[in-house]
Amino acid sequence: MSISIKTGLMALALLGSTALTAVTAQAADKEISWIYCGDTIDPVHTKYIKQWEEKNTGWKIAPEVVGWAQCQDKATTLAAAGTPVAMAYVGSRTLKEFAQNDLIVPVPMTDDEKKTYYPNIVNTVTFEGTQWGVPIAFSTKALYWNKDLFKQAGLDPETPPKTWAEEIEMAKTIKEKTGIPGFGLSAKTFDNTMHQFMHWVYTNNGTVIDADGKVTLDSPQILAALKAYKDIVPYSEEGPTAYEQNEVRAIFLDGKVAMIQAGSGAADRLKATKISWGITTLPLGPDAKGPGTLLITDSLAIFKGSGVEDKATEFAKFITSPDVQSEYELQGGAGLTPLRPSAKVDEFVAKDPHWKPLIDGISYGGPEPLFTDYKGFQNSMIEMIQSVVTGKAEPEAALKKAAGEVEAFK
């Protein structure tokens, strides 16, 4: 018996039935702890946490705001120590590792729930046919181009590249005619270097690992992507290994590079500049079946052993339900893409057409590859990209080396 309950019983003997009511209410309060990544809780989430608590008497949501660099590690450490939080915001790429270590519980979706999402979204949280998290944030990329620099180079400012070949040729023309880099290439030792490359994989009908867990990295589709990377290096910013995607975006916002791959956040920032710009779906490789992009989701994972797994699952589905989610993700500026089609999304696209290319790439997009040791996999991919970008290895050799390494991480 806890100290609080013992104290309550002593008070009951002295104070009678009024005290009994207070003790019962106190004992009924149950808490769902939530590791919430970021600097502050989003006001939309604050609003709906209060709404859920009002409808679920005796339950309290207890979010703990933890910085992006530490939040996932904190959730992992607590779970491994046997003192898990009820729920945590995690990158969906980590769900396989959590599941295989028996740290989280499944969060299965009904067919009706799956149908509410855009195509392929549910795949980002699915491992061995089971869903292990509830998507809460989603990003895609599109191609942004600087119309002023296109015009300066003698290119039609209203005609962006549709294929890799056109993209490389236009980057070359811009660099040669203006002296300004034609393309912003990310190759820093940073997670989004791999993400940026995966956009090329999914615009050429490539895959890294199939549904059966077979590594498919060493394929003609991915080799073509790596060769295209090598071909565009001379027309990109100097020293790509010094830049991650947000640093490349900053160069673009200064008018110092002609084309970049970026999410919706770039559009919001561009509106504050004098740059004449356009946005379109990512250029396609020779084996593409349609516009593609890497589909990155973050999810709410429900940790095993908290004692409130079922209620935490219920809350996770509520806070990511269509109405709540659309209010959260369509605020602008955060770089998010809508998870689900809706009338509200249609209104946003009609009002601001920059959303359309970010959504159009979803149909042929693919998830972050799920590996048990995701960091090991990611590091091999970054090393592969850097070796080609710096000229230390030819694409064929770099790809074979990486394919052999990632077998150990699946």
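Residues numbered from 1 in each chain as written. Predicted model: local features only at pLDDT ≥ 70, side-chain atom pairs only at ≥ 80, totals over all residues. Heavy atoms only, no water.

Topic: the confidence of the model for the protein chain
Per-residue pLDDT for the protein chain has a mean of 91; in total, 92% of the residues score no lower than 70. Per-residue pLDDT stays below 50 along residues 1-28; that stretch engages in 9 contacts with residues further than four places along the chain or on separate chains. (pLDDT = per-residue confidence, 0-100. Contact = heavy atoms within 4.5 Å.)

Points about the packing of aromatic side chains
What the rule picks out here adds up to 15 aromatic pairs. Centre to centre, the rings of Phe-348 and Trp-355 are 6.1 Å apart; their planes meet at 90°, and the pair counts as edge-to-face. Look at Phe-348 and you get partly exposed, because its relative accessible area is 28%. On the basis of relative accessibility, which here comes to 4%, the residue Trp-355 falls in the buried class. On the basis of an interplanar angle of 65° and a centroid distance of 5.8 Å, the ring pair of Tyr-374 and Phe-377 is categorised as edge-to-face. One end of the pair, Tyr-374, and the other, Phe-377, are both in helix H17 (residues 374-389), 3 residues apart, so they sit about a helical turn from each other. (Phe/Tyr/Trp six-rings, centres within 6.5 Å; stacked < 30°, edge-to-face > 60°. Buried < 20%, exposed > 50% of the residue type's maximum accessible area, 1.4 Å probe, protein only. Helix = DSSP H or I, 4+ residues; strand = E, 2+ residues; numbered from the N terminus.)

Some points on the sheet that holds strand E9 (residues 277-280)
If you walk across this open sheet you meet the 3 strands as E8-E7-E9, and the pairing is antiparallel. This sheet does not close on itself; its edge strands, each paired only once, are strand E8 (259-262) and E9. Each adjacent strand pair in this sheet contributes to an overall mean axis angle of 25°, direction not counted. As paired strands, strand E7 (residues 142-146) and E8 are joined by 4 bridges and run antiparallel to one another. Across the sheet, the residue bridging to Ala-142 is Ala-262, located in E8. (Pairing = 2+ DSSP bridges. Axes fitted to C-alpha atoms, helices over the stretch in contact; angles between N-to-C directions.)

Some remarks on the domain arrangement of the protein chain
Each domain of the protein chain was delimited in the assignment, giving domain 1 (30-140 + 295-367) and domain 2 (142-292 + 371-407). Counting residues at the interface gives 22 residues for domain 1 and 24 residues for domain 2. Contact with domain 2 buries area across many residues of domain 1, yet Arg-93, His-354 and Tyr-364 alone supply 31% of it, more than any other trio. The interface formed by domain 1 and domain 2 includes 1 salt bridge. The salt bridge involving Lys-271 is made with Asp-352; its shortest N-O contact spans 2.4 Å. Along the contact surface separating domain 1 from domain 2 lie 5 residue pairs in polar contact (both at pLDDT 80 or more). The element best represented in the side of domain 1 that touches domain 2 is helix H16 (residues 355-360), accounting for 4 residues. (Domains from an automatic or database assignment. Buried area = accessible area lost by both parts, 1.4 Å probe. Salt bridge = Lys/Arg side-chain N within 4 Å of Asp/Glu carboxyl O. Polar contact = N/O pair within 3.5 Å; in protein donor to acceptor, adjacent residues only side chain to side chain.)

Some remarks on the nonpolar core
Counting 61 residues, the largest nonpolar core has Ile-32, Trp-34, Tyr-89, Ile-104, Leu-300, Phe-303 and Phe-315 as its most contacted members. In terms of residue count, strand E1 (residues 30-37) provides more of this core than any other element does, 5 residues in total. Grouped together as the second largest cluster of nonpolar side chains are 55 residues, Leu-155, Ile-174, Val-201 and Tyr-229 included. (Core = buried A, V, L, I, M, F, W, Y, C linked by side-chain atoms within 4.5 Å.)

Details of the pattern of salt bridges
In this structure the tally under the stated criterion is 17 salt bridges. Among the salt bridges present, the one from Lys-230 reaches Glu-394, with a minimum N-O distance of 2.7 Å. Of the two residues, Lys-230 sits in helix H10 (residues 220-232) while Glu-394 sits in the loop between H17 and helix H18 (395-406), which places them 164 residues apart along the sequence. Accessibility expressed as a relative area gives 43% for Glu-394, which makes it partly exposed.

Some thoughts on the pairing of E7
Where burial is concerned, most of E7 is hidden: 5 out of the 5 residues are buried. Of the two faces of E7, both are covered, the one formed by Ala-142, Tyr-144 and Asn-146 as well as the one formed by Leu-143 and Trp-145. Sheet topology places E7 next to E9; 4 bridges connect them, and they run antiparallel. Note on E9: the bridge partner recorded for Asn-146 is Trp-277.

A few points about the layout of surface pockets
Taken as a whole, the second largest pocket encloses approximately 760 Å³ of empty space. In terms of lining residues, the second largest pocket is bounded by 28 residues, among which Asn-123, Ile-209, Asp-210, Ala-211 and Pro-367 are the most central. Secondary structure elements with two or more residues in the lining of the second largest pocket: strand E4 (126-127) and strand E11 (366-367). (1 Å grid on protein atoms, 1.4 Å probe; cavity = no way out; pocket = protein on both sides within 12 Å on 5 of 7 lines; lining within 4 Å. Points joined across faces, edges and corners; volume = space filled by probe spheres on them.)

Focus: the environment of Thr-281
Among the secondary structure elements, Thr-281 is positioned in the loop between E9 and strand E10 (294-302). Exposure remark for Thr-281: the relative accessible area of 24% places this residue in the partly exposed category. For the pair Thr-281 and Tyr-144, spaced 137 residues apart in sequence, the C-alpha to C-alpha distance is 8.8 Å. Setting aside anything within four residues of it in sequence, one finds Thr-281 in contact with Leu-143, Pro-291, Pro-357, Asp-360 and Gly-361.

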